[in-house]
Amino acid sequence: MLLPAPLLNELRTVPGFDEASFLAAHEQEAVTSVRLHPTKGGNSNIGGEPIPWCSDGLYLTTRPVFTLDPAYHGGAYYVQEASSMFLSHEWQSTIEDNGALRVLDLCAAPGGKSTLVASLLKPTSLLLSNEVIRSRASILEENLVRWGNTNSWVTCNDPRDFTKLTGYFDVIVIDAPCSGSGLFRKDIRALTNWTEDNVALCSGRQQRIIADIWPSLKQDGVIIYATCSFSMEEDEQILDWVAGEFDAKTLAVPLQDEWGIVEVQSPEKEMKGYRFFPGKINGEGFFIAAIKKTGEAGSLKTQRVKARDMAKVAAQTAHLLAPKDWQYIEWSKDMFSAIDAAHLPDWQMLQKALYFRKAGLNIGSPTAKEWIPAHAIALSIDASAGIAAINVNRDQALQFLKREDFGTPESEKGWRLIKFNNLGLGWVKCLGNRSNNYLPKHWRIRMEIPDDDML
Ligand code: SAM
């Protein structure tokens, strides 16, 4: 792979850069890795070698067709690049979760960092996953529904829409849009599109994003800033820019030598960051730093407004949800969500400022005769363990996921959760001699399933 000369020239000035191993790694394939769900992961058969900086991470020796694994559809694991799973170690070394954290993942689609943060957060803390591009926000929503945490909410807003949420967030993850040089092995377009002008453009955009979001970070709050770019303009020089504009310092993270991760300092203000060079580490190019806001921040008061009486909704859905201190919100006309009662003031305030795609757990809607359960309940870690279910084998699971008839009508009528290896996949409604498949159309498997996969 012929790497851009200006990029290599710059990297030669970065301490810890090893050109020979870097070039050799760029002659090899990208590494495939997955991160297991902390509670659902045990229901998957996927196996691999541990990733040293992330306890749920696994390197795979081959890349399977994930679409043909029902456990993937049940949210048992997320396919994520190994270096970026370092966020797990960075988080555990710098963030203390008191059970009331408000976290924003600002550039969140398709959801790798968000599903990781969701796995680390206590259920009473809150994660707002945001994506500015609408089409990407729906992929983000789908991935977070599949992951199944009630406390991960999804918005579709521009960073400047958050400016007015003064001092609201304890942690903001900025996995910034970047020139993508760290992913040359995964995406050849990143190499063919790479130019110095684009690096400068990305650097300017990264500064604008941080400037827009800075007021919404609390004093002593932390921004975790990451890119998949090797360029100093997008990495160390961004840290220098932050230190020049705001009262901020970076937080150091303990490393083990055998990991091969390089600690770097920004040239002017000696802010610390961590670089991942293919060849030194088993993964793709990555940069990450934890920036603490040391200056004062205003604060925004959330006030609890009296909630509507939702006793009827609570009674109609009690069989669907695990016991918890639930509050119910009418999400849109006759569509309801359940949220942790502690998050009601957040919802009441945030819904006025942001465009929401998901708040809490979508629980469905009532008709005159019955409650129609939302697809999200099938994947939720807060679903009741007592929901009537049909356990299916792999063939049946794949047919269900294709929205085809999978041949298990139940004589008893009613809603049934389709489960594969104890993982909820979706709903069917049994009508006596046949059943209706309620998997949302846009979730269905579109590829043809090879015959030898239908064992
Ligand atoms: N965090 C994601 C993950 O782990 O799966 C990857 C995020 S990707 C590196 C950067 C995201 O920033 C993209 O989804 C992109 O659509 C979004 N983005 C692009 N321009 C943006 C802007 N001006 N402000 C905020 N986000 C932007």
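Shown above is the structure to which this text applies.
Residues numbered from 1 in each chain as written. Predicted model: local features only at pLDDT ≥ 70, side-chain atom pairs only at ≥ 80, totals over all residues. Heavy atoms only, no water.

Pulling in residues and values, what's your account of the site of the ligand?
In the vicinity of the ligand lie 17 residues, with Cys107, Gly112, Glu131, Arg136 and Asp175 positioned nearest. Contact distances for the ligand include 3.0 Å between a nitrogen atom and a backbone N or O atom of cysteine 107. Taking glutamate 131, its side chain carries an N or O atom lying 2.6 Å from an oxygen atom of the ligand. For the ligand, the accessible surface in isolation is 600 Å², of which the surrounding protein chains cover 82%. Where the shell around the ligand is concerned, the elements lending two or more residues are α5 (112-120) and α8 (196-213). Split into classes, the residues belonging to the shell around the ligand amount to ten nonpolar, two polar and five charged. (Near = heavy atom within 4 Å. Polar contact = N/O pair within 3.5 Å; in protein donor to acceptor, adjacent residues only side chain to side chain. Areas by Shrake-Rupley, 256 points an atom, 1.4 Å probe, with all protein chains shown as cover. Helix = DSSP H or I, 4+ residues; strand = E, 2+ residues; numbered from the N terminus. Nonpolar A, V, L, I, M, F, W, Y, C, P; charged D, E, K, R; others polar.)

Tell me about unusual backbone geometry, and please be specific about residues and values.
With an omega of 5°, the peptide bond between alanine 109 and proline 110 qualifies as cis. Of note, proline 110 is situated in the loop between β5 (102-105) and α5. Unlike most non-glycine residues, aspartate 334 shows phi in positive territory, near 65°. In this fold, aspartate 334 is placed in the loop between β14 (326-332) and β15 (335-340). We classify aspartate 334 as partly exposed; its relative accessible area is 36%. (Buried < 20%, exposed > 50% of the residue type's maximum accessible area, 1.4 Å probe, protein only.)

Outline the sheet that holds strand β20 (residues 414-420), supporting the account with residue identities and numerical values.
One open sheet accounts for four strands, arranged β19-β20-β21-β22; its pairing is mixed. Of all the strands in the sheet, just β19 (389-391) and β22 (435-437) have a single pairing partner and so form its edges. Taken pair by pair, the neighbouring strands of this sheet meet at an average axis angle of 40°, ignoring direction. The sheet contacts of helix α13 (residues 394-401) involve β20, β21 (423-430) and β22, and relative to β21 the element is tilted by about 70°. (Pairing = 2+ DSSP bridges. Axes fitted to C-alpha atoms, helices over the stretch in contact; angles between N-to-C directions. Contact = heavy atoms within 4.5 Å.)

Can you explain the pattern of salt bridges? Please cite residues and give values.
All chains considered together, the criterion is met by 18 salt bridges. Between arginine 136 and glutamate 131 there is a salt bridge, with the nearest N and O atoms lying 4.0 Å from each other. By relative accessible area, which is 36% here, arginine 136 ends up partly exposed. Given the relative accessible area of 6%, glutamate 131 is considered buried. Through salt bridges that share partners, Asp235, Glu236 and Arg275 make up one connected network. (Salt bridge = Lys/Arg side-chain N within 4 Å of Asp/Glu carboxyl O.)

Mind laying out the environment of arginine 446, listing which residues take part and the relevant values?
Following the sequence through the fold, arginine 446 ends up in the segment after β22. Classification of arginine 446 by relative accessible area gives exposed; the value is 57%. Separated by 379 residues in the primary sequence, arginine 446 and threonine 67 place their C-alpha atoms 9.2 Å from one another. A polar contact is formed between the side chain of arginine 446 and the backbone oxygen of histidine 442, at a distance of 3.5 Å.

How would you summarise the packing of aromatic side chains if you had to cite specific residues and measurements?
All told, the structure shown has 27 aromatic pairs when counted by the stated rule. Here the aromatic rings of tyrosine 72 and tyrosine 77 are separated by 5.9 Å at their centres, their planes lie at 50°, and the arrangement is tilted. The partly exposed category is assigned to tyrosine 72, whose relative accessible area is 22%. On the basis of relative accessibility, which here comes to 2%, the residue tyrosine 77 falls in the buried class. (Phe/Tyr/Trp six-rings, centres within 6.5 Å; stacked < 30°, edge-to-face > 60°.)

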